[in-house]
Amino acid sequence: MAALRGAVNGCKRPAGRDAGEPRAGGKRSRAGRREAKKSSCLSAALLGEDCEISLEQLSELLHYAALGKRHNAAQPSWCHIYHQSHLAGVVVIVLHEMSQLHFYRFYLQFKHLRRKFQHRFTLPPPPADFLASLCGEGASLSPQGSAQGLISAGVECIPKSSGLQCDPIIQKYGKEKRGLTSYTLTSEELKKNDYPMRDSPGCKGYMYTECDLQRTDSSPLFGLDCEMCLTARGNEVTRVSLVDAEGKCLLNELVKPESVIVNYRTRYSGITKKMLLPVKTRLPDIQTRLKKILPHDAVLVGHSLNADLQALQMIHPSVIDTSLLFARNEGRRFKLKFLAKAVLGKEIQCEQRLGHDPAEDARAALELAQFFIKKGPAKVAELNLEMLLAAERQTEVSPNKSVKQPQRCGVQKQLNDPPHLSKPRILACLQGMGQKPLLLGRQEPGSSGLCQSDLSTSNKQILQRALEDVPLSTFSVVQFGLDPEYFASHHLAGFCKKVRNKLTDMLTIYAGPFEDDFCPKSVKKEFGKCGPIQSLTVVTETYQPYVCIQYDVLEAAQLALETLNGAEVAGSCIKVQRPITAATLDCDVLIKELEQDIENEGVIYVAGIKKSLTETDLQEEFSPLKDLETLFLPKDQGKHSTCCYLKFRNSHSAAEALGAINGCAVKGSALRSRHALASGHLWRWIWKMNHSSEKQGGNSLSEKMAPLSDCEQDVKKKVKKLDHYIKKLYRSLQDNTLCVVLFPGTNSVHGSQSGLGLMGIKDDGESSAADF
């Protein structure tokens with residue numbers, strides 16, 4: 001069963017963590033680790049302060065999910081995919097011209113999205129060419145809808161391996177996996193590539209290893225590499241390294257040549273005159289030791305191993321040469337340094353180090369051979385090494401080019417920075433592998449041309465094509481959207497104002513009546529036990545005074561309604577209620593749905609904490625609670641807060657904790673708690689909207705929300721249907737498919753809005769839905 005884990009991976013954070021953010025160093029349970037062995041799982045560290053990632057970082061995730069390490073794709077810096085090779089595919093759903101503002105405005109309508117995608121992140125306002133920036137330039141559809149590198153609606157998906165027929169590796173070895181004996185050099189290949197042989201005239205006096213036992217596919221592999229210096233006789237060995245199949249170094253010896261050294265070649269060999277002064281070992285000593293170490297069925301592995309054996313003056317009948325194994329056209333060969341980086345993801349022969357390390361090179365060649373044997377020629381061919389080499393050379397031509405990353409994430413990736421190669425865009429890599437990524441949608445005038453060009457295509461038609469074609473593709477982008485007329489008729493400022501007003505009303509409560517001489521400070525103290533108060537004002541327009549309280553967090557307002565309505569406060573029995581506006585009529589429904597949001601699963605809100613208590617104090621106090629995974633404070637409250645969130649392993653443990661916490665005291669302070677409503681991304685978004693409201697002077701209490709127009713009522717129905725389409729597409733996905741839903745955001749003359757991303761891996765064993 002695929003699983004989503006909220007564990008932090010590699011991102012250290014300050015004490016005041018964001019809502020929804022686990023403690024640094026959190027570990028998965030044993031059950032989780034066992035589960036991860038069976039299938040892919042995603043662990044997301046949702047990024048510090050604003051949970052915001054750049055398009056480059058999102059592309060980084062998609063690149064790794066679609067291609068893995070085999071195409072020089074690195075694990076993303078902000079989340080971690082376990083067992084990427086188990087992923088069945090990647091599906092990106094783009095909701096054109098929609099932002100996180102639209103998601104929360106139509107929160108109730110997006111029922112499937114809020115219940116199935118736990119991991120959420122903010123995107124910056126989009127560039128004009130959003131899809132091209134995300135997936136890569138140059139892939140577009142012709143006006144007739146035929147694909148240029150992409151599959152449009154009605155174009156058939158080609159098999160994954162059909163583009164590999166011309167690969168020299170496939171032409172030499174075929175597609176099927178074989179044992180190691182299929183990759184050892186034949187007598188003809190040994191002779192052609194100048195390997196020392198017993199019947200060769202130039203090999204008189206060479207030592208034979210006498211490894212004559214017949215080789216099998218279980219014969220042991222040994223990696224061999226030598227470093228040579230130039231002497232009066234030519235190249236002579238000055239260092240020898242031998243490693244076994246586990247990578248253990250069996251021999252790593254300096255050798256003093258018989259002749260006078262005329263060039264130490266220190267830059268490559270790492271050998272200096274000083275190093276060889278005390279050395280007594282000579283070539284015959286090394287030959288004897290090698291002959292003694294190697295079993296009679298040993299297979300030697302090396303890169304251009306003929307040069308090493310010639311320098312050693314030894315003959316060995318069974319070798320795998322990685323410079324020939326990873327075949328190229330026209331007799332060309334890949335360098336070992338490039339293969340180690342592109343195939344193994346390892347950086348060797350670093351320029352910062354003086355000379356090569358023969359043990360490192362021997363180990364790299366051995367691991368390359370083991371990779372080839374284990375994965376088979378087809379998988380190796382899919383790496384498209386020629387394309388990766390071209391990308392590396394392009395980087396060398398333009399070494400000063402860099403890609404900027406947001407500083408808040410602490411990631412600055414330059415194209416020429418080791419250990420990664422400059423990564424081609426996802427589409428280019430997939431096309432190079434012989435695959436055709438699937439992209440379905442509508443192309444708007446002036447767009448980058450990445451989508452189907454028929455503007456009349458409906459969401460329903462796109463869904464029908466997606467249901468047919470997405471299962472056939474390993475990487476798909478499906479774009480849905482509302483009618484362009486809707487966005488043209490809704491000015492962003494007015495739309496944003498409506499959402500902000502609704503949030504303000506939900507954070508606000510009225511309490512009273514009080515006596516004329518009541519003490520507002522005592523009232524604020526009592527209501528402050530429910531959570532941080534943003535403002536308290538006395539309402540004097542009524543016969544008896546009331547108070548209007550606006551909270552910072554949604555749970556605090558709801559807790560005040562649930563615990564103080566009908567209570568005696570400041571000597572008066574009071575009523576607590578929200579303001580009655582058009583926006584709050586469905587508030588009870590919204591609260592119930594927020595409790596069921598997957599982001600709040602297993603999370604409770606605790607208030608009434610003394611400000612003198614630090615996060616460390618709270619962790620000590622709550623540590624006895626069963627299955628407690630994480631404690632985090634609202635970010636803007638700093639190191640001292642009157643409330644916190646507790647994340648438990650499951651909902652049952654969270655419910656038990658609620659019963660244990662309510663009414664209990666911590667350091668003399670009575671606690672109040674309830675199920676979380678906005679513990680993660682939503683909490684951050686509400687906080688931003690509130691501060692934006694303060695700057696703009698908006699106040700919903702004096703501005704009643706106008707009734708919904710017929711147009712907006714119609715849009716609600718369309719959004720609900722859109723959510724249903726996404727649900728149907730999601731259900732059709734194979735298990736272990738990574739699904740990413742993107743609200744790209746908006747960027748126009750009317751203003752800009754940040755985007756929103758939701759992601760998750762389709763669960764195993766459940767065709768109807770995934771329980772993340």
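Points about the nonpolar core
If you look at the biggest cluster of nonpolar residues, it comprises 41 residues, and the most contacted ones within it are Leu95, Phe480 and Phe743. Take this core: its biggest share by element is seven residues, from helix H27 (residues 710-732). The residues contacting Phe480, other than those within four sequence positions of it, are Ile93, Val94, Leu95, His96, Asn459, Ile462, Leu463, Leu722, Ile726 and Leu729. Formed by 36 residues, the second largest nonpolar core is a distinct cluster that contains Ile53, Ala73, Trp78 and Leu123.

Structural notes on the pairing of strand S33 (residues 755-761)
With seven of its seven residues buried, S33 lies for the most part within the structure. What you see with S33 is no split at all: Gly755, Gly757, Met759 and Ile761 on one side and Leu756, Leu758 and Gly760 on the other are buried throughout. Judged from the five bridges that link them, strand S5 (residues 119-123) and S33 form a sheet pairing that is antiparallel. What sits directly across from Thr122, in S33, is Leu756. Relative to S33, strand S30 (residues 737-743) runs antiparallel, the two being bridged by six bridges. The partner of Val740 across the bridge, within S33, is Met759.

Looking at the confidence of the model for the protein
Detailed reading of the predicted model is not advised wherever pLDDT is low. Summary statistics for the protein give a mean pLDDT of 77 and a share of 73% for residues scoring 70 or more. In this model, residues 1-38 is a region of pLDDT below 50 whose contacts with residues beyond four sequence positions or in other chains number 100 contacts. Throughout residues 693-708 the model reports pLDDT below 50, and contacts reaching past four residues in sequence, or to other chains, amount to 25 contacts.

Considerations on the sheet that holds strand S23 (residues 575-577)
Spatial ordering of the open sheet is given by S19-S20-S18-S23, a layout of four strands whose pairing is antiparallel. Of all the strands in the sheet, the pair left with one neighbour each is strand S19 (533-539) and S23. Taking the axes of each pair of neighbouring strands and ignoring which way they run, one obtains an average angle of 20° across the sheet. As paired elements, strand S18 (residues 508-512) and S23 share three bridges and run antiparallel to each other. Within S23, the residue paired with Ala511 across the bridge is Val576.

Considerations on the pairing of strand S4 (residues 89-96)
In terms of burial, S4 is a largely internal element, seven of the eight residues being buried. With seven bridges joining them, S4 and strand S17 (residues 475-481) adopt parallel strand pairing. If you follow Val92 over to S17, its bridge partner there is Val477.

Conventions we followed
Residues numbered from 1 in each chain as written. Predicted model: local features only at pLDDT ≥ 70, side-chain atom pairs only at ≥ 80, totals over all residues. Heavy atoms only, no water. Core = buried A, V, L, I, M, F, W, Y, C linked by side-chain atoms within 4.5 Å. Buried < 20%, exposed > 50% of the residue type's maximum accessible area, 1.4 Å probe, protein only. Helix = DSSP H or I, 4+ residues; strand = E, 2+ residues; numbered from the N terminus. Contact = heavy atoms within 4.5 Å. Pairing = 2+ DSSP bridges. pLDDT = per-residue confidence, 0-100. Axes fitted to C-alpha atoms, helices over the stretch in contact; angles between N-to-C directions.

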